[in-house]
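Observations on chain architecture
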Amino acid sequence: MSATAMSSGAVAHWFPGRPGTPTLLVLPALGVVARHYQRFSEAAQAQGFHVLTLDYRGQGASDLVISRGTRFGYADLVAGDLTEAITWARGQGTGPLVLIGHSLGGQLAAALESMSPGEFDGLALVAAGTPHWRAFTGRARLVPLVLPTVFAGIAHAQGVFEGRRFGFGRQSAQLIEDWARMARTGSWSEKPVALPDRSIPLLAISFGSDQLAPTSAVDALVRFFPCATTTRAHFGEPSGHVGWLKQPDVVVDVLNRWVAEILAPEKRG
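To start, this report covers the structure provided alongside it.

The subject of this paragraph is helix α3 (residues 104-115). The first and last C-alpha atoms of α3 sit 16 Å apart over twelve residues, in line with the 16 Å expected at 1.5 Å per residue. Most of α3 is tucked away: ten of the twelve residues are buried. Residues of α3 that are buried include every one of L104, G105, G106, Q107, L108, A109, A110, A111, L112 and E113, and no others. Its buried side turned inward, α3 meets β3 (23-27), α2 (74-90), β5 (97-102), β6 (122-126), α5 (173-185) and α6 (215-222).

Shown next, in the form of structure tokens:
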């Protein structure tokens, strides 16, 4: 594994696979640093995949220290961190590029496809749903309806979000405000966002007892890609939002089968 610092402040961690095989670009959840995806990366690497895991700016191995003067949100991460990581991955001369979006990472993948369609060849949403409160059911709606807005208010007042006690790390106030806007309105942007019309292969994986990305929220994020060819999978175990990081084999296995099918030479024309 090697690490490369990028001009955006992000850091790419590279696990090389077999020549010509697809690259999996892992877009982490909010506050989850790249090293937590190492088990998944090594398991996928053992199947021949190239894997690039990303520390967003200000997270993990990044040298950027988030302060009151640090302002970036969804659009900045897309235009900077994601775009630069994709360019770097493409430059390795590997096979097709598949994004692996975990939680926030899946939301950023949707923003990327809306802002700059055609940057990737396939997308896997793993425990990734929209935070929009309407995508939840019953009393579970109260958490996305209230908590992100409270966090955004605190972040706005302090100029930075100190979310370590909640497992979200230290974050830019703008990023938390965008997340809270998506939780309230269904969109990360203040401006109208066009849904992409590109037909892409999409795999959506949900897990039992995942309170942050229940099946309804995962399905709602899938609807951000109305022209996608979608494969849906749900597993009772490993359960929760991050359990698969410690037990990645079930995800790697379904990814391996899905990629072999959707990116087979006859499927690519």
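Relative to each other, helix α1 (residues 38-46) and helix α8 (residues 249-262) sit at 40 degrees, their axes nearing to 9 Å. By the angle class used here, α1 and α8 are oblique. Like other packed secondary-structure pairs, α1 and α8 cross with a definite hand, here right-handed. Here F40, A43 and A44 of α1 lie close against α8, whose contacting residues are D249, V251, V252 and L255. A class-by-class count of the residues in the contact of α1 with α8 yields six nonpolar, no polar and one charged.

This next bit is on the nonpolar core. If you look at the biggest cluster of nonpolar residues, it comprises 54 residues, and the most contacted ones within it are L54, L99 and L123. The dominant element in this core, judged by the number of residues it contributes, is α2, at seven residues. Of all hydrophobic cores here, the second largest spans 30 residues; its members include I100, L203, L245 and L255.

Cut-offs applied
Residues numbered from 1 in each chain as written. Predicted model: local features only at pLDDT ≥ 70, side-chain atom pairs only at ≥ 80, totals over all residues. Heavy atoms only, no water. Helix = DSSP H or I, 4+ residues; strand = E, 2+ residues; numbered from the N terminus. Expected span 1.5 Å × (residues − 1). Buried < 20%, exposed > 50% of the residue type's maximum accessible area, 1.4 Å probe, protein only. Contact = heavy atoms within 4.5 Å. Axes fitted to C-alpha atoms, helices over the stretch in contact; angles between N-to-C directions. Parallel < 35°, antiparallel > 145°, perpendicular 65-115°, else oblique. Left-handed = near helix turned anticlockwise from the far one by under 90°. Nonpolar A, V, L, I, M, F, W, Y, C, P; charged D, E, K, R; others polar. Core = buried A, V, L, I, M, F, W, Y, C linked by side-chain atoms within 4.5 Å.

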